[in-house]
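Given next are the chains, with one letter for each unit.
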Amino acid sequence: MNKKKYQIIFLIILVIILFSMNYSWIDSYLINEFSAKDTAIVLRIIDGDTIEIENKTSVRLLGINTPEKGEKYYLEAKGFLEDLILNKTIELEAGREDKDKYQRALRYVFIDNKNVNLEIIKNGWANSYFPSGKDKYAEEFYLAWERCLIKNINLCEKSKDGCGDCIELRNFNYKNGEIVIYNKCSFDCDLNNWLIKAEGRKEIILDEIVEGKKELKISKEDIWTDSGDTLFLRDNNGKLVLYYHY
């Protein structure tokens, strides 16, 4: 058998061995290598989920949504982020999309190996939000929101209104904006200044009385997105009555 034939046999055996081996360590190496984070200094906190870094680059924190200016807990969410990262060096990790429609960089933010986006949810200043579909940390973020509801703090704090436990969601069609809520209690519930809200600024301020054991139908189009959104119902003190995510 000549030298060339020996080389071919050797290569075949080598390929078989390679396919039979467990290369999880290579996978881990590649994941770490291609998930490398950029570093930057935080120059300004715009709001609870948006910052400005060097070169005046705006960064929108991925996977979360904090209150807008003028809404309850807006200042607290912004202040929490300021205390955590303002004027400090952070690490930035990209997700499935590089920029949003406002040309803000979409990133996960880390400081001292801590996921800042996740910490904001844990402390009740944001809810988990992935409008373009689940991303790398989605399950972890959704779990943090559920735990926040159990802790009953800040944005997750449950309504103490007497009707807070009475109102439930019977139907929600985000495409035509139809919502049906039901008062499961035997007494009437006054929903004056209660708020139905989407993830953005769009909202419905209620001025209704729902009779005991009766339904209330609400219709308003062009509030929710097709790509994914959340319906929040809050009482007149801004406390959470119910939410539904799709």
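It should be noted that the structure appears before, not after, this text.
Residues numbered from 1 in each chain as written. Predicted model: local features only at pLDDT ≥ 70, side-chain atom pairs only at ≥ 80, totals over all residues. Heavy atoms only, no water.

J.: Tell me about the state of the cysteines, and name the residues and values.
T.: By the definition in use, this model includes three disulfides. One disulfide in the model links C163 with C189; its S-S distance is 2.1 Å. Linking C163 and C189, the disulfide has an S-S dihedral of approximately -100° and is accordingly described as left-handed. With C163 in the loop between α5 (138–151) and β9 (167–173) and C189 in strand β11 (residues 189–190), this residue pair connects regions lying 26 residues apart in the sequence. By relative accessible area, C163 is classed as buried at 7%. Here C166 pairs with C185 through a disulfide, and the sulfurs are 2.0 Å apart. With the S-S bond torsion at -85°, the cross-link from C166 to C185 turns out left-handed. Remark: C185 occurs in the loop between β10 (178–183) and β11 and C166 occurs in the loop between α5 and β9; sequence separation between them is 19 residues. The exposure class of C185 is buried, given its relative accessible area of 17%. The disulfide pattern of the chain is 1-2, 3-6, 4-5 when the bonded cysteines are numbered in sequence order. (Disulfide = S-S within 2.5 Å. Helix = DSSP H or I, 4+ residues; strand = E, 2+ residues; numbered from the N terminus. Buried < 20%, exposed > 50% of the residue type's maximum accessible area, 1.4 Å probe, protein only.)

J.: Any details on the pattern of salt bridges? Residues and values, ideally.
T.: Applying the stated criterion across every chain yields a total of 15 salt bridges. Ionic pairing is found between R60 and D49, a salt bridge with its closest N-O pair at 3.5 Å. Pair noted here: R60 is in strand β3 (residues 57–61) and D49 is in the loop between β1 (38–47) and β2 (50–53), with a separation of eleven residues, a long-range link. Note that E71 is salt-bridged to K197, the shortest N-O span being 3.5 Å. Residue E71 is located in the loop between β4 (64–65) and α3 (74–85), and its partner K197 is located in strand β12 (residues 195–197); the two are separated by 126 residues in the primary sequence. The buried category is assigned to K197, whose relative accessible area is 12%. Through salt bridges with shared partners, a single network forms among K37, E93 and K136. (Salt bridge = Lys/Arg side-chain N within 4 Å of Asp/Glu carboxyl O.)

J.: So what about the environment of K213? Which residues, and what values?
T.: Assignment of secondary structure puts K213 in the loop between β14 (209–210) and β15 (215–219). Separated by 28 residues in the primary sequence, K213 and C185 place their C-alpha atoms 5.9 Å from one another. Setting aside chain neighbours within four positions, we find K213 in contact with Y182, N183, K184, C185 and S186. A polar atom in the side chain of K213 sits 2.7 Å from the backbone oxygen of K184. (Contact = heavy atoms within 4.5 Å. Polar contact = N/O pair within 3.5 Å; in protein donor to acceptor, adjacent residues only side chain to side chain.)

J.: Please give an account of the sheet that holds strand β13 (residues 203–205) that cites residues and values.
T.: Judged by pairing direction, the sheet is antiparallel, and its four strands sit side by side in the order β13-β12-β16-β17 without closing on themselves. The outermost strands of the open sheet, each flanked by one partner alone, are β13 and β17 (240–245). Pairs of neighbouring strands in the sheet enclose a mean axial angle of 10°, with direction left out of account. Summarising the sheet, strand β16 (residues 230–234) and β17 pair through five bridges and their orientation is antiparallel. Directly across from F232, in β17, lies its bridge partner Y243. (Pairing = 2+ DSSP bridges. Axes fitted to C-alpha atoms, helices over the stretch in contact; angles between N-to-C directions.)

J.: Residue-level account of the packing of aromatic side chains, with values.
T.: Centre-to-centre distance and the angle between the planes together describe a pair of aromatic rings. Inspection of every chain in the model, using the stated rule, returns 14 aromatic pairs. Linked through ring pairs, Y108, F110, F130, Y137, F141 and Y142 together constitute an aromatic cluster. A cation sits over an aromatic face here: K37 above F110, 4.8 Å from the ring centre. One cation-aromatic arrangement involves R170 over Y182; the distance from NZ or CZ to the ring centre is 3.8 Å. (Phe/Tyr/Trp six-rings, centres within 6.5 Å; stacked < 30°, edge-to-face > 60°. Lys NZ or Arg CZ within 6 Å of the ring centre and 35° of its normal.)

J.: How would you summarise α3 if you had to cite specific residues and measurements?
T.: Residues three or four positions apart in an α-helix share a direction because the helix packs 3.6 residues into each turn. Over its twelve residues, α3 extends 17 Å from the first C-alpha to the last, a length consistent with the 16 Å expected when each residue adds 1.5 Å. Along α3, the residues classified as buried are Y74, A77, G79, F80, L81, L84 and I85. Those residues of α3 that are buried lie in contact with β1, β2, β3, β5 (89–99), β6 (105–111) and α4 (116–122). Directly beyond the C-terminal end of α3, a positive phi value near 65° is found at N87. (Expected span 1.5 Å × (residues − 1).)

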